[in-house]
Amino acid sequence: MLPSSLKELPVQRVERTPTSFWHTADMQQLSGRVGVVTGAASGIGLGIAHAFANAGMSVVVSDVDEARLARAVEALGPDRAMGVVCDVADSDAVEALADQAQERFGAIDVVCNNAGIIRGGTVWELPLSDWDAVLRVNLMGVLHGVRTFVRRMLAAGTEGYVVNVASMAAVVPVAGIGPYNVAKHGVLALSDTLAMELRAASAPIGVTLVMPGRVPSRLGRPIESPDEPERTALDPDELDSDAVGEMVVDAVLHDRPYLFTHPERIAEVQRRFARITEQRSEPGF
Ligand SMILES: NC(=O)c1ccc[n+]([C@@H]2O[C@H](COP(=O)([O-])OP(=O)(O)OC[C@H]3O[C@@H](n4cnc5c(N)ncnc54)[C@H](O)[C@@H]3O)[C@@H](O)[C@H]2O)c1
């Protein structure tokens, strides 16, 4: 959680230098910068918002969950945080989010496309409406954030940063959550393509793809459900959302293209890609 003194810290402005000579993302200093986080009322997004604020940033937190969003702004401190209700599946709403963020804080330096949902069922049984819902939020929602904010960063001509939150499901699919796997694989492809195109354009905008393992959160619970995740007694394979937030800050500062929050699971990724390159199946897969 935020140290209570953070709310009293003055919001500082960072000196931005519009230039066409940058060749790499340069986010060596986050203090004084402005970040936007989608799906920030809960879980990983909230952890990232806290970490951004701890790093001295102003934060625009957005979500469809109005009540939890208001609580997040209160915890972060209304002088350095602003809440905007925004459905990332709606491209116009994401443009309106960017307008409001810029109106309040000026240029946006970091965008974190984090909002996500999950639906369970086999590929053939899950209703198309569930496929549509997951792809609209988890894939199109990320695309909307990328298009809206990258265009504005390029127009501003200053350095910027994109953080896309995918999942281990971006590289190791899990049976029973088809649309989630498909969307997260899509976010991996989108992030790699974006990074290649930004580099080709010599744009000073970095990209990090975050692939979390298990993190206690409200994923899969309806907004109306009062349950909050159990954060005190973590299973051995679970990581707290605030720890994920700190990892994201570190990844931005070091311009890391990929972040595995659970590096012990990288062997699963290697096995999956070995199976593909060796063109073979595996028992239980
Ligand atoms: N928790 C995990 O174990 C885990 C693991 C891997 C990846 N992830 C990913 O992390 C991200 C955050 O999920 P979380 O686990 O913190 O879950 P969470 O449910 O606690 O947080 C997700 C937030 O997104 C919001 N949201 C849902 N639909 C939205 C929409 N259309 N527009 C804007 N906001 C919307 C929700 O209201 C919620 O506040 C997701 O992309 C998820 O796929 C989570």
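Every value quoted in this text rests on a predicted model; they were computed, and no experiment measured them.

Draft legend 1. Geometry of the overall build of the protein. On a plain count of helices and strands, the protein comes out with seven helices and seven strands. Relative to the compact-globule value of 19 Å for 285 residues, the protein shows a C-alpha radius of gyration of 18 Å, a close match. Counting only C-alpha atoms, the protein reaches 55 × 45 × 35 Å along its principal axes. Counting across all 285 residues of the protein, residues that qualify as buried make up 42%. A sequence separation of at least 24 residues applies to 69% of the contacts in the protein between residues at least 6 apart.

Draft legend 2. Broad picture of the site of the ligand. The environment of the ligand is made up of 29 residues, and the closest members are Gly39, Gly43, Gly116, Ser167 and Ser217. Here the shell around the ligand gets three residues from one element, more than from any other, and that element is helix α1 (residues 43-54). When its residues are assigned to classes, the shell around the ligand shows 14 nonpolar, ten polar and five charged.

Draft legend 3. Quick peek at the nonpolar core. With 76 residues, the main nonpolar core has Ala49, Val59, Val61 and Val248 as its most contacted residues. Ignoring any residue separated from it by four or fewer positions in sequence, one finds Val248 in contact with Ile48, Ala51, Val163, Val210 and Leu259.

Draft legend 4. Representation of the environment of Trp131 in the model. On the secondary structure map, Trp131 appears in helix α4 (residues 128-156). Spatially, the C-alpha atom of Trp131 lies 25 Å from that of Asp227, the residues being 96 residues apart in sequence. Apart from residues no more than four positions distant in its own chain, Trp131 is found in contact with Leu126 and Pro179.

Draft legend 5. Summary view of unusual backbone geometry. Notably, Ser202 is not glycine yet its phi reads approximately 50°, a positive angle. In this structure, Ser202 sits in the loop between α5 (178-200) and β6 (205-211). With 11 C-beta atoms packed within 10 Å, Ser202 lands in the exposed category. Phi at Gln279 is positive, roughly 50°, even though this residue is not glycine. Tracing the sequence through the fold places Gln279 in the segment after α7 (266-277).

What counts as what
Residues numbered from 1 in each chain as written. Predicted model: local features only at pLDDT ≥ 70, side-chain atom pairs only at ≥ 80, totals over all residues. Helix = DSSP H or I, 4+ residues; strand = E, 2+ residues; numbered from the N terminus. Rg over C-alpha atoms; globule rule 2.2 N^0.38 Å. Buried ≥ 20, exposed ≤ 12 C-beta atoms within 10 Å, placed from the backbone. Contact = placed C-beta atoms within 7 Å. Near = placed C-beta within 6 Å. Nonpolar A, V, L, I, M, F, W, Y, C, P; charged D, E, K, R; others polar. Core = buried A, V, L, I, M, F, W, Y, C linked by C-beta atoms within 7 Å.

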